[in-house]
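Coordinate inspection notes
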Amino acid sequence: MSNQNENQKDVKFADFPLSETIHQSLDQAGFERPMPIQAACIPPALEGKDVIGLAQTGTGKTAAFAIPIIQRLANKMELGALVLAPTRELAAQITAVFNELGKSSGLRVATIVGGVPMDQDYGALRSWPNVLVATPGRLNDHIENGRVLLDEIEILVVDEADRMHDMGFIPQIRRIIAVLPRKRQTMMFTATMADDVERIARKNMRDPVRIQIGICAPAHRAKQEIFELSEDAKRPLLLKLLRKSTGRVLVFVRTKRGVDSLTRIVNARRLKAAKIHGDLEQDHRDRSLADFRSGHCPILIATDIAARGLDVSGIEHVINYDFPHNAEDYVHRIGRTARVEASGLATSFATLADRRFVNEVRKLIGDKLPKPTRLEGYATPSAKAMSEKKTRGRYVPNRRSRRRAGTANKSA
Ligand code: ADP
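As a starting point, this report considers the structure included with it. Remember, predicted model here, so these are calculated numbers, not experimental data. (Residues numbered from 1 in each chain as written. Predicted model: local features only at pLDDT ≥ 70, side-chain atom pairs only at ≥ 80, totals over all residues. Heavy atoms only, no water.)

Within a sheet, each strand pairs with its neighbour through backbone hydrogen bonds, oriented either parallel or antiparallel. Pairing is parallel in the open sheet, where seven strands are placed in the order β10-β11-β9-β12-β13-β8-β14. Both outer strands of the open sheet, β10 (273–276) and β14 (373–374), are each paired with one neighbouring strand and no more. Pairing of strand β8 (residues 222–228) with β14, which is carried by two bridges, proceeds in the parallel orientation. Each bridged residue has a counterpart across the sheet, and for E228 the counterpart in β14 is R374. (Pairing = 2+ DSSP bridges. Helix = DSSP H or I, 4+ residues; strand = E, 2+ residues; numbered from the N terminus.)

Written as structure tokens, this is what we have:
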């Protein structure tokens, strides 16, 4: 496996055998130089080789597979490429990249995702697409009812394979691969190589070129801070940060219900927040994203899965209201800010119970993770005090429990 970051620095798009129209679209999109994953992925992909890209979102991987697909399929009649994505939002973003870079080359893209009326899919499929971007569940529905024919597929892309795995999509992906022509090119992108993902790759890919883009790339760009605090102190601190902030803020919460209740609370304080999680209707999710993108709601409160792969530019601040239980999720979340050239801030709240997760992240990205700060007035009881509380029942950690204990005072 090669980390091609270093020696790919001087590569230009002009170095690749791409059509003039693609070069023009790249210019229009403001893409001057290929990002490392593009520099590493485009040449083998153009040759038809299988590719495994180990990279986070935000590293430019969509264009890394879209550009070679556009080059190879533009002006063809057949449905030649299938791109599988874990979420509807990601599918929409991938479609947007294909349209931006491929439309003037004559490429036709259709999107098939769950949560929208089936009629819409039929319309999309009748438009003679060259590229189909789909979430696995809905695509399988169409395969089963015979509405989509995939026997001309030359190129399969599985994007965010690790997240597909986390979401339980691996059996669906197997079923889809089973109906594709065996002779095809397969490209798979994933942030981590879970066993199941490795198995799928080994079984379905031929001698893939492996490309690894540094896992902590987003962490280099975003300034990070961690506050150690009690669960009770999170909400007031969040409200304080939100009141101070001037740009777009993305807040991560662990559960869907947590997203619902925090959004209610934030909006009740006259701060404008939209929400996004997996239980919301597609319409609602689209509206939330549009409101966040347009700045109508400068705050977006989201769960990991829903926010994964969001490409919203100009997110200045990511707040981990709940510290992620999975170290890679931390890197993904803070990758939402400081995309490409911009710089941003990532603030994490960590309770005592989160200490081990903070340590996991430190193991993954090392010293780039700052030491947790205990805020004056929001301080968590120290581990020692907690143990005193346990053993002697004397320690009262916060105002609410003091009140309960009848010892509240104004200075608390
Ligand atoms: P990923 O698919 O890895 O999440 P994206 O393809 O969404 O990453 O790219 C991240 C951001 O970088 C997007 O806003 C995209 O428009 C931009 N981008 C991608 N490639 C380039 C490039 N070569 N030059 C400048 N910006 C780019």
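A separate point is the site of the ligand. Taken together, 16 residues sit near the ligand, with R33, Q38, G58, K61 and T62 positioned nearest. Taking T59, its main chain carries an N or O atom lying 3.1 Å from an oxygen atom of the ligand. The separation between an oxygen atom of the ligand and a polar main-chain atom of K61 is 3.0 Å. Taken together, the residues of the shell around the ligand break down into five nonpolar, seven polar and four charged. (Near = heavy atom within 4 Å. Polar contact = N/O pair within 3.5 Å; in protein donor to acceptor, adjacent residues only side chain to side chain. Nonpolar A, V, L, I, M, F, W, Y, C, P; charged D, E, K, R; others polar.)

Judged by nonpolar contacts, the single largest core of 44 residues is most densely connected at F65, I67, I69, F98, V131 and M187. When contributions to this core are tallied by element, the ones reaching two or more residues are α1 (20–29), α2 (36–46), α3 (61–73), β2 (81–84), α4 (88–102), β4 (131–134), β5 (155–158) and β6 (185–190). By residue number, the principal contributor to this core is α3, which donates eight residues. Ignoring anything within four residues of it in the chain, the contact list for V131 reads I69, L73, L79, A81, V83, F98, L107, R108, V109 and A110. Counting 30 residues, the second largest nonpolar core, distinct from the first, contains A110, I173, I177 and I200. (Core = buried A, V, L, I, M, F, W, Y, C linked by side-chain atoms within 4.5 Å. Buried < 20%, exposed > 50% of the residue type's maximum accessible area, 1.4 Å probe, protein only. Contact = heavy atoms within 4.5 Å.)

Within the open sheet, the seven strands sit side by side as β3-β4-β2-β5-β6-β1-β7. Their pairing is parallel. The open sheet has two free edges, formed respectively by β3 (109–112) and β7 (209–212), since each of these has just one partner strand. Taking each pair of neighbouring strands and ignoring which way they run, the sheet shows an average axis angle of 15°. Pairing between β2 and β5: four bridges, direction parallel. If you follow A81 over to β5, its bridge partner there is I155. (Axes fitted to C-alpha atoms, helices over the stretch in contact; angles between N-to-C directions.)

This next bit is on unusual backbone geometry. Even without being glycine, N75 reaches a positive phi, approximately 70°. Relative to the elements of secondary structure, N75 occurs in the loop between α3 and β2. The exposed category is assigned to N75, whose relative accessible area is 65%. With phi around 45°, D207 is a residue other than glycine that occupies positive phi space. With respect to the element layout, D207 can be found in the loop between α9 (195–204) and β7.

Honestly, it's all geometry; don't read function into it.
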